[in-house]
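# A look at the structure
What follows is the residue order along each chain.
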Amino acid sequence: MSRRRKTVVAVGSAIALFGGGVAVAEAHNNRIGGKEVRVMLPAGQSNPAIAQGVGTGHEVAIYTSSGLGPGALNPGAPANSPERFTDPAMTAGAEGVSVTEAQALVVLKAIQDNLKAAGLTPADVITMKCYLMKPPGAATADYAGWNRAYRQFFANIDLQTRKPVPVPMGTSPAKPPLLANNARPARATMEVASLAVPGWLVEVEVTAAYPKGRR
């Protein structure tokens, strides 16, 4: 057996996202710097949202973020309300944007900035966990709104054509994503009873692998 060990991260929520049953996976080998990153993706899909698992070789330098929530960027909304933690500038011109979606956009932009400060980009992300609370009056968390926001920053380049895939914001027609990014991290999304800050509906943490030369 090779001396190179791999760590494989499996994500149970992939089944729910890709449909019932166990999806057959195809391995797509990438490299971050000089290290192999093997991403398991559903077979026959040219633009899947997430990986079913990610394997990395040994001695890969890893960055792990804390859980990040949205900043209070909408001072016109009441304090501690979900709307307070949105950024109207990010959704300007879009119709039908849910508050979870709007908060998620703020969180994912904060993650992009956080990664930049650590010498990384969203393209280096290999795993992600998202915690959602249901909006006031809703029966469940807004997974659809979260997934729309996620596609604005991740998994929006077609694997066959290598071109960015238009992404909808709210109910508006699909447009080019806010950030063109081929990365498809292994991901888990779960509904939780509460988050640390009153008004938060979204909190996200990521793990990223440093490319060689950016450690």
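Everything quoted here is computed from the prediction, not taken from an experiment.

## Description of the overall build of the chain
If you tally the helices and strands in the chain, you get 3 helices and 8 strands. Mapped from its N terminus to its C terminus, the chain presents α and β elements in the order β-α-β-β-β-β-α-β-α-β-β. Here the chain, with 215 residues, has 45% of them falling under the buried criterion. Of the contacts formed within the chain by residues at least 6 apart in sequence, a portion of 71% connects residues at least 24 apart. Total accessible area on the chain is roughly 10,600 Å²; 55% of this is exposed by carbon and sulfur atoms.

## Observations concerning the sheet that holds strand β8 (residues 202-209)
Pairing is mixed across the open sheet formed by 4 strands, whose spatial order is β5-β8-β6-β7. Strands with a single pairing partner mark the edges of an open sheet, and in this sheet they are β5 (62-64) and β7 (186-191). For this sheet, the mean angle separating the axes of adjacent strands, direction not counted, is 10 degrees. Relative to β8, strand β6 (residues 125-132) runs antiparallel, the two being bridged by 7 bridges. Bridging from a neighbouring strand, Thr 127 pairs with Thr 207 of β8. Against the sheet, helix α2 (residues 99-117) engages β5, β6 and β8, with an angle of about 30 degrees to β8.

## Comments concerning the pattern of salt bridges
Counted under the stated rule, the structure contains 2 salt bridges. Across the salt bridge formed by Arg 148 and Glu 101, the nearest N and O atoms sit 2.7 Å from each other. On the criterion of sequence distance, the pair formed by Arg 148 in helix α3 (residues 143-153) and Glu 101 in helix α2 is long-range, its members being 47 residues apart. With relative accessibility at 1%, the residue Glu 101 sits in the buried group. Residues Lys 109 and Asp 113 are paired through a salt bridge, measuring 2.8 Å at the closest nitrogen-oxygen approach. Here Lys 109 pairs with Asp 113, and both are found in helix α2, just 4 residues apart, close to one helical turn.

## Structural notes on the packing of aromatic side chains
This model, assessed by the stated rule, comprises 2 aromatic pairs. Each ring, one from Trp 146 and one from Tyr 150, has its centre 5.9 Å from the other, and the planes form 45 degrees; the classification is tilted. Remark: Tyr 150 and Trp 146 occur in helix α3; sequence separation between them is 4 residues, near one turn of the helix. By the burial criterion, Trp 146 is buried, and Tyr 150 matches it. Considering the side-chain rings of Tyr 150 and Phe 154, the 5.5 Å spacing of their centres and the 10 degrees angle between planes classify their relative orientation as stacked. For the pair formed by Tyr 150 and Phe 154, the shared burial category is buried. We note Arg 187 situated over the ring of Tyr 150; from NZ or CZ to the ring centre the distance is 4.4 Å.

So, how was this worked out
- Residues numbered from 1 in each chain as written.
- Predicted model: local features only at pLDDT ≥ 70, side-chain atom pairs only at ≥ 80, totals over all residues.
- Heavy atoms only, no water.
- Helix = DSSP H or I, 4+ residues; strand = E, 2+ residues; numbered from the N terminus.
- Buried < 20%, exposed > 50% of the residue type's maximum accessible area, 1.4 Å probe, protein only.
- Contact = heavy atoms within 4.5 Å.
- Areas by Shrake-Rupley, 256 points an atom, 1.4 Å probe, with all protein chains shown as cover.
- Pairing = 2+ DSSP bridges.
- Axes fitted to C-alpha atoms, helices over the stretch in contact; angles between N-to-C directions.
- Salt bridge = Lys/Arg side-chain N within 4 Å of Asp/Glu carboxyl O.
- Phe/Tyr/Trp six-rings, centres within 6.5 Å; stacked < 30°, edge-to-face > 60°.
- Lys NZ or Arg CZ within 6 Å of the ring centre and 35° of its normal.

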